[in-house]
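Architecture and fold: a report
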Amino acid sequence: MSENKVILNYDGKSFEYPVVESTIGDRGIDISKLRDETGLITLDLGYKNTGATLSEITYLDGDKGELYYRGYPIEQIAEKSNFTEVMYLLLYGELPTQNQFQGFEANIKKYNYVAEEMKKIIDAFPRSAHPMGVLSSLTSALTAFNPKAVDVRSKEDLDHAAEMLIAKFAHLCAWTYRKTQGFSLNHADNNLNYVENFYKMTFRMPNQDFDMNPVVVNALDKLLILHADHEQNCSTSTVRMVGSAHTGLFASISAGVSALWGPLHGGANQAVIEMLEMIEADGGDVAKYVEKAKNKEDNFRLMGFGHRVYKNFDPRAKIIKKAADDILNSLGIHDKALDIAMQLEKVALEDEYFVERKLYPNVDFYSGIIYRALGIPTEMFTVMFALGRLPGWISQWKEMRLMGDPIGRPRQVYKGSEKRDYVDMNLR
Ligand code: CMC
């Protein structure tokens, strides 16, 4: 391989493929002519080596454990920024000026309501429905109330669609929680910022004044920031794939919510707490569960451990672990699950199986402990992740449409039966 091209020798011939440069991180081999020239396709299960797109939004270095939003390290963003500013940064590429920030916030507030008829849709769900299923359905249902397709050639249209979805999605998240509890559905309060508003819509009780606890607001803000984008993960790739068929924004995001639900992805935050509770109920023997996770005959995995890209500490997990400690202290809560999580982390990090495979705690390992301390029920954890990831999904959808990415349509290596003739049923 020379500096900027790769040579492939196959079937007695030599083919050259250019290397696409990156600003930092992985460079890619442009194989767009591969099939036409060689008759071969690539096979990369789980897309472990496949760059699906060029992107300018988020960078992560899995070996060093680094994560940047639009070039800004996550540690600086988590310490100094706020979720609304991060949404602006992801969507528009730059940190906003004071005026831009105020304009963005005001525009979101213009859409801070959801049609009353949406309540009828929520009413039709059983109370036991998983909030992620409800959220995905409601997000898709928004299309019925806002049927105009986004004209991606119009900046105004794109901005409105993003601001509208950001405003309305917070309602849907709050309402899925209220539904599980059987509470009446609250509307927004435009005197509050985005996170305060979500917090109040979710937890305000009709029979008492609402206590806006700044510890909770700060914790929510930080968690939402840490989940805001993570380049081409499963749900984001889903949003881009669905959108590549020129499917509308709301329907594409609804598909992203469904992808996030899975326990190997965003659903891991719920699975972690359930695992910690199970270990506690079983006497707190963490070593036993580390052994189970290592046993290939056993389906058990250490939830919240391992990552497709990070082969080092997930930088978000480091920030969340510290935040979990601080929040539990400020709220005066002692959570046994945190003790078990810390023991589990210690045992796993010293174990050869985890060391060899570079399995470290990921973002979901400690986030559930904070959500629980804030009074958020376990089934809602992945909804919180979705609320955080929304600006990332929208930014990636917008980038994909503006770049004019072609429809996503992978190929396959077929391993099925060869051509054969149909056999009548009475002869089978
Ligand atoms: N517990 C035990 N073994 C594990 C774990 C785990 N949590 N994760 C990976 N391994 C083993 C796996 O069995 C395999 O071993 P071997 O080489 O002997 O076959 C090796 O490590 C590589 O794992 P993999 O499944 O090939 O890696 P992947 O990149 O396909 O999967 C993952 C990444 C995140 C799906 C996986 O690590 C996992 O299932 N973790 C638990 C679920 C979890 O915490 N998910 C949240 C991810 S971060 C937030 C998000 O994306 O939403």
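If you're wondering where the values come from, they're calculated on a predicted model, not measured in any experiment. (Residues numbered from 1 in each chain as written. Predicted model: local features only at pLDDT ≥ 70, side-chain atom pairs only at ≥ 80, totals over all residues. Heavy atoms only, no water.)

Another point: the packing of aromatic side chains. The way to describe two aromatic rings as a pair is by their centre distance and the angle between their planes. Enumeration according to the criterion identifies 15 aromatic pairs in this entry. Their ring planes at 70 degrees and their centres at 5.8 Å tell us that Tyr199 and Phe203 sit as a pair that is edge-to-face. Placement of both Tyr199 and Phe203 in helix H8 (residues 194-203) is noted, with a separation of 4 residues, approximately one turn of the helix. Phe203 gets classed as buried once you look at its relative accessible area, which sits at 18%. For the pair Tyr199 and Phe210, a centre-to-centre distance of 5.1 Å together with 70 degrees between the ring planes defines the contact as edge-to-face. In this pair, Tyr199 is assigned in helix H8 and Phe210 in the loop between H8 and helix H9 (214-226), connecting sequence segments 11 residues apart. Given the relative accessible area of 7%, Tyr199 is considered buried. (Phe/Tyr/Trp six-rings, centres within 6.5 Å; stacked < 30°, edge-to-face > 60°. Helix = DSSP H or I, 4+ residues; strand = E, 2+ residues; numbered from the N terminus. Buried < 20%, exposed > 50% of the residue type's maximum accessible area, 1.4 Å probe, protein only.)

A word on the sheet that holds strand S6 (residues 72-73). Paired through backbone hydrogen bonds, the strands of a sheet run either parallel or antiparallel to each other. Read across the open sheet, the 3 strands follow the order S4-S5-S6; overall the sheet is antiparallel. The sheet is open, and its two edges are formed by strand S4 (58-61) and S6, each paired on a single side. Inspection of the sheet shows S4 paired to strand S5 (residues 66-69) by 4 bridges, in the antiparallel sense. Along S5, the bridge assignment pairs Tyr59 with Tyr68. (Pairing = 2+ DSSP bridges.)

Considering all chains together, one arrives at 1 cavity of 30 Å³ or more under this definition. Lining the largest cavity are Thr84, Glu105, Ile108, Lys109, Asn112, Leu192, Asn193, Tyr194 and Asn197. Contributions of two or more residues to the lining of the largest cavity are made by helix H4 (98-110) and H8. Split by residue class, the lining of the largest cavity holds 3 nonpolar, 4 polar and 2 charged. (1 Å grid on protein atoms, 1.4 Å probe; cavity = no way out; pocket = protein on both sides within 12 Å on 5 of 7 lines; lining within 4 Å. Points joined across faces, edges and corners; volume = space filled by probe spheres on them. Nonpolar A, V, L, I, M, F, W, Y, C, P; charged D, E, K, R; others polar.)

The next subject is the site of the ligand. What surrounds the ligand is a group of 23 residues, the closest being His265, Arg301, Leu302, Gly304 and Arg308. Look at the ligand: alone it shows 930 Å² of surface, and the protein chains cover 78% of it. The class makeup of the residues in the shell around the ligand is 11 nonpolar, 6 polar and 6 charged. (Near = heavy atom within 4 Å. Areas by Shrake-Rupley, 256 points an atom, 1.4 Å probe, with all protein chains shown as cover.)

Our next topic: the UniProt feature "active site" (unreviewed entry) in the protein. Look at the UniProt record and you will see "active site" (unreviewed entry) annotated at His307 and Asp364. The greatest C-alpha distance among the residues just named is 10.5 Å, despite their covering 58 residues of sequence, which places them together in space. Looking at the element boundaries, His307 is found in the loop between helix H13 (286-294) and helix H14 (315-330). By relative accessible area, His307 is classed as partly exposed at 24%. Non-local contacts of His307, meaning those with residues more than four positions away in its chain, are made with His230, Arg316 and Asn362. A polar contact is formed between the side chain of His307 and the backbone nitrogen of Val309, at a distance of 2.9 Å. Its place among the elements puts Asp364 in helix H17 (residues 364-373). Ignoring any residue separated from it by four or fewer positions in sequence, one finds Asp364 in contact with His227, His265, Gly266, Ala268, Asn269, Val272 and Phe385. (UniProt positions renumbered as here; feature names shortened; annotations may be inferred. Contact = heavy atoms within 4.5 Å. Polar contact = N/O pair within 3.5 Å; in protein donor to acceptor, adjacent residues only side chain to side chain.)

With 116 residues, the main nonpolar core has Tyr69, Phe169 and Leu276 as its most contacted residues. The element best represented in this core is helix H7 (residues 155-181), accounting for 14 residues. When near neighbours in sequence (up to four residues on either side) are disregarded, Tyr69 contacts Ile57, Thr58, Ile74, Ile77, Val86, Leu89, Leu90, Ile225, Leu226, His227, Ala228 and Asp229. (Core = buried A, V, L, I, M, F, W, Y, C linked by side-chain atoms within 4.5 Å.)

Put simply, helix H12 (residues 268-281) and helix H15 (residues 336-350) touch, their axes get as near as 9 Å, and they point 95 degrees apart. Taken as axis vectors, H12 and H15 run roughly perpendicular relative to one another. On H15, the residues that touch Met275, Leu276, Ile279 and Glu280 of H12 are Lys336, Ala337, Ile340, Ala341 and Leu344. Per-class residue counts for the contact of H12 with H15 are 7 nonpolar, no polar and 2 charged. (Axes fitted to C-alpha atoms, helices over the stretch in contact; angles between N-to-C directions. Parallel < 35°, antiparallel > 145°, perpendicular 65-115°, else oblique.)

Attention shifts here to the sheet that holds strand S2 (residues 13-20). Read from one edge of the open sheet, 3 strands run S1-S2-S3, paired in antiparallel fashion. Single-partner strands in this sheet number two, and they are strand S1 (5-10) and strand S3 (28-29). Across 6 bridges, S1 lies against S2 in antiparallel orientation. Each bridged residue has a counterpart across the sheet, and for Tyr10 the counterpart in S2 is Lys13.

Take the layout of surface pockets next. Over the atoms a probe the size of a water molecule is rolled, and this reveals where empty space is left. Taken as a whole, the second largest pocket encloses approximately 340 Å³ of empty space. Looking at the second largest pocket, it is lined by 16 residues, and the ones nearest its centre are Ala78, Asn218, Ala219, Lys222 and Ala323. Elements with a contribution of two residues or more to the lining of the second largest pocket: helix H2 (74-80), H9 and H14. Here the residues of the lining of the second largest pocket sort into 7 nonpolar, 3 polar and 6 charged.

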